[in-house]
Amino acid sequence: MTETLHTLVIGGGQAGVATSAHLQKQGIPHLVLERDRIAERWRTWRWDSLVANGPAWHDRFPEAEFEDLDPDAFAGKEAVADYFQRFASDLNLPIRTGVEVTRLERHGDVFHVTTSQGAITARNVVVATGPFQHPVIPTVITDPAITQLHSSRYRNPGALPEGAVLVVGAGSSGAQIAEELVRAGRRVYLSVGPHDRPPRRYRGKDFVWWLGKLGKWDMKAPTPGTEHITIAVSGAYGGHTMDFRRLAGLGVTLLGRAGAYGNGVLEIADDLRTNVENGDRNYLSVLDEADAYATAQGLDLPEDPMARSLLPLPECVTRPTLALDLKAAGITTVIWATGFRLDFGWIDLDIFQPDGRPRHRDGVSEVPGLYFVGLPWLSCRGSAFIWGAWKDAERLAGLIAER
Ligand SMILES: Cc1cc2nc3c(=O)[nH]c(=O)nc-3n(C[C@H](O)[C@H](O)[C@H](O)COP(=O)(O)OP(=O)(O)OC[C@H]3O[C@@H](n4cnc5c(N)ncnc54)[C@H](O)[C@@H]3O)c2cc1C
C-alpha cells in the first residue's frame, strides 16, 4: 500500500518540528517522518553536560519559551530535546517516529519515497535531516592501543580510559570538552585550528545579542576566506568567553593543527600562534564593532575596559610542540572534534554539488516541490541554529502554500 501525502517532511529535529508548525499554520496537510525520536540528536549525539551555546531567551523558537528556566541561563541538552518534544505535542504536530526514509525519487511531478515502513508519494518534500549527519574522523592515528572517538560519542571524563587525552579541533565542541576534561583533573592536549571566538558577554549583553544587532546572524554568506573557520563559544559553567590562554592556564597544552602520524608521533603544524592571535583579532573586532554600534545608536551600556586586556601568551604557544609522541605524553584517548559531513546518498536526484551539498537557493532546490531546511548558511548564517531554522521553515511553508 502506498500512502499519498500532500507534503512530507523528512527528519524530526528542530528544523523538521519548525517546518511542521509552519505547515500547520498554513493549513497544509503533511506528515513528518523521524527515524528515531523527536530531537534525537540533542539526546544521544551530545555529551552529558552539554548546554546550549546561546541563552534560553535566544536559543528557542520565537513562539515558545523554556519552562522553568531563567531566560539568561543555558538550557541543558535534555531540556532542549524536551522543549522540542513538548512543542510538538502541544501543537499535536503529525510526527511519526521510528520510521526511516531510505530512498527519495521523483516520477513525473510526484515524489516517491521508500521508508522502513512502506512507500509514500508526495507532491512536496522538505528534507530536514540535519546539518551534522556523519562524524568526520581523519584516520591518521593507527595505534590500536589508543582509544579514538568522535566528539558526538564523547559522554563524560569518567567514561574515558585513564591517561592523558588529545582533543583535535577547538571549535565549540573541542574547546568545551577539553575544558571539562582538564577541570576533571585529566592531562589534556588541544589541537587548535583557525577559529573565531566572540566574547560571551560585552557591556552587559550576550554575544548572540550583539551578533543580532550587528547584522551578523543575517549574513548571506561567509566572508570569503573564512568558510572553514569554526566558532568557539561556550554556555558551560554559566557561560564564559572561550579564551585559549585561559585554557592553557587551567593546564591544557595547546597545539597547532594535527598533521601526519607515524611511528607513534603526531606531526603538529607550526600555526598555533597564528591561530590564537587571529582568534584574538576576531574577539577584539567584535568589541570594536559593538562599541561603534553603541556609539552610533547612543546606547547607554556600561563600559567594559577589562574585556580588552588579554592574558600573556602561554609557553605552549610561544614555544610550540611540533611533534607529539603520544606514548611519551601518556595519551590514551584521542577525541576528534573535527565536525560532520552531509549524507544525501538516499536522494536519487541530480541536485548535488561535488562536495555533497545540495544545489538550492535559500532552501529551494532545482526540483519543483523539493526543499531543504536546517543546513548551514541555507539562507543566512543563522540557518542551522534553532531560531534560524524557524525563520527558514516559515518562509518555505509559505512557498509550499503558494505552490
Ligand atoms: C555539539 C553541538 C551543539 C550545538 N548547540 C547548539 C546550540 O546551542 N544552539 C543552536 O541553535 N544550535 C546548536 N547546534 C546546531 C544545531 O542546532 C543542531 O545541530 C541541531 O541538532 C540541528 O537541528 P536539525 O533539526 O536541523 O537537525 P538534527 O537535529 O540533526 O535532526 C535531523 C533529524 O532527522 C532524522 N533523520 C535523518 N535522516 C533521516 C532519514 N533518512 N529518515 C528519517 N529521519 C531521518 C535524524 O534522526 C534527526 O533526528 C549544535 C550542534 C552541535 C553538533
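Please read these numbers as outputs of a predicted model, since none were measured by experiment.

What should I look at first to understand the pairing of strand β9 (residues 164–168) in this one?
For a regular strand, side chains alternate in direction, first toward one face of the sheet and then toward the other. Within β9, four of the five residues are buried, leaving the element largely enclosed by the surrounding structure. Pairing of β9 with strand β19 (residues 331–336), which is carried by five bridges, proceeds in the parallel orientation. Opposite Leu166, over in β19, you have Val334 as the bridge partner. The sheet contact formed by β9 and strand β10 (residues 188–191) spans four bridges and is parallel. What sits directly across from Val168, in β10, is Ser191.

I keep staring at the site of the ligand and nothing clicks. Help me out?
Near the ligand there are 33 residues, and of these Gly11, Gly13, Gly130, Gly374 and Phe385 occur at the shortest range. For the shell around the ligand, the elements supplying multiple residues, two or more each, are α1 (14–25), β2 (30–34), α2 (40–44) and α9 (386–402). Of the residues in the shell around the ligand, the class split is 14 nonpolar, 11 polar and eight charged.

Please explain the packing of α1 against α9 as it appears in this structure.
Two quantities define a packed helix pair, namely the angle between the axes and the distance from one axis to the other. Following both chains from N to C, one finds α1 and α9 inclined at 40°, their axes separated by 8 Å at the closest point. Taken together, the axes of α1 and α9 lie oblique to each other. The crossing of α1 and α9 is right-handed. Contacts from Gln14, Ala15, Ala18, Thr19, His22 and Leu23 of α1 reach α9 at Ile386, Ala389, Trp390, Ala393, Glu394, Leu396, Ala397 and Ile400.

Help me understand the domain arrangement of the protein, please; the structure alone is not making it clear to me.
Interface size is often expressed as the accessible area that is lost when the parts come together. Domain assignment breaks the protein into domain 1 (3–133 + 342–402) and domain 2 (135–336). On a C-alpha basis, the centres of domain 1 and domain 2 stand 29 Å from each other. When grouped by side-chain class, the residues that make up the side of domain 1 that touches domain 2 number eight nonpolar, six polar and two charged.

Mind showing me how you'd approach unusual backbone geometry here?
What is expected of a backbone is that most residues other than glycine have negative phi and most peptide bonds are trans. You will see that Asp68, though not glycine, has its phi angle at about 55°, which is positive. Relative to the elements of secondary structure, Asp68 occurs in the loop between α2 and α3 (77–90). The exposure class of Asp68 is exposed, given the 6 C-beta atoms found within 10 Å. Look at Asn92: it is not a glycine, yet its phi comes out positive at around 55°.

So what exactly am I meant to see when it comes to the environment of Tyr83 here?
The topology assignment puts Tyr83 in helix α3. A tally of 26 C-beta atoms within 10 Å means that Tyr83 is categorised as buried. Among residues more than four places away in sequence, those in contact with Tyr83 are Arg60, Phe66 and Ala75.

What's the story with the nonpolar core in this structure? I'm lost.
Soluble globular proteins tend to bury their nonpolar side chains together. Ranked by size, the top nonpolar core spans 55 residues in total, and within it Leu8, Val125 and Val373 carry the most contacts. Leave out the neighbours within four places in its chain, and Val125 touches Leu8, Ile10, Leu104, Phe111, Gly369 and Leu370. Membership of the second largest hydrophobic core comes to 45 residues, among which are Val165, Val167, Leu254 and Ala258.

I'm lost on α9 in this one. Help?
Structurally, the α-helix is built with 3.6 residues per turn, so residues lying three or four positions apart point the same way. Its 17 residues place the ends of α9 25 Å apart at the C-alpha level, agreeing with the 24 Å of an ideal helix rising 1.5 Å per residue. Inspection of α9 places Ile386, Gly388, Ala389, Trp390, Lys391, Asp392, Ala393, Leu396, Ala397 and Ile400 among the buried residues, and these make up the whole buried set. Tucked inside the fold, the buried residues of α9 contact β1 (2–10), α1, β6 (118–127) and β23 (370–372).

I would appreciate a short explanation of the sheet that holds strand β17 (residues 265–268) in the present structure.
What holds strands together in a sheet is hydrogen bonding between their backbones, with the strands either parallel or antiparallel. Spatially, three strands are ordered β16-β17-β18 in an open sheet, and the strand pairing comes out antiparallel. With partners counted over all chains shown, the strands left at the sheet margins are β16 (258–262) and β18 (323–325), one partner each. Mean inter-strand twist for the sheet, computed between neighbouring axes without regard to direction, equals 25°. Pairing analysis gives three bridges linking β17 to β18, with the strands arranged antiparallel.

Even after reading the chapter, I still don't get the sheet that holds β10, so can you show me in this structure?
In spatial order, the strands read β8-β19-β9-β10-β15; together these five strands make up an open sheet with parallel pairing. With one partner strand each, in any of the chains shown, β8 (147–150) and β15 (253–255) form the two edges of the open sheet. Each strand of the sheet is rotated relative to its neighbour by a mean of 20°, with strand direction disregarded.

What counts, and at which threshold
Residues numbered from 1 in each chain as written. Predicted model: local features only at pLDDT ≥ 70, side-chain atom pairs only at ≥ 80, totals over all residues. Buried ≥ 20, exposed ≤ 12 C-beta atoms within 10 Å, placed from the backbone. Helix = DSSP H or I, 4+ residues; strand = E, 2+ residues; numbered from the N terminus. Pairing = 2+ DSSP bridges. Near = placed C-beta within 6 Å. Nonpolar A, V, L, I, M, F, W, Y, C, P; charged D, E, K, R; others polar. Axes fitted to C-alpha atoms, helices over the stretch in contact; angles between N-to-C directions. Parallel < 35°, antiparallel > 145°, perpendicular 65-115°, else oblique. Left-handed = near helix turned anticlockwise from the far one by under 90°. Contact = placed C-beta atoms within 7 Å. Domains from an automatic or database assignment. Core = buried A, V, L, I, M, F, W, Y, C linked by C-beta atoms within 7 Å. Expected span 1.5 Å × (residues − 1).

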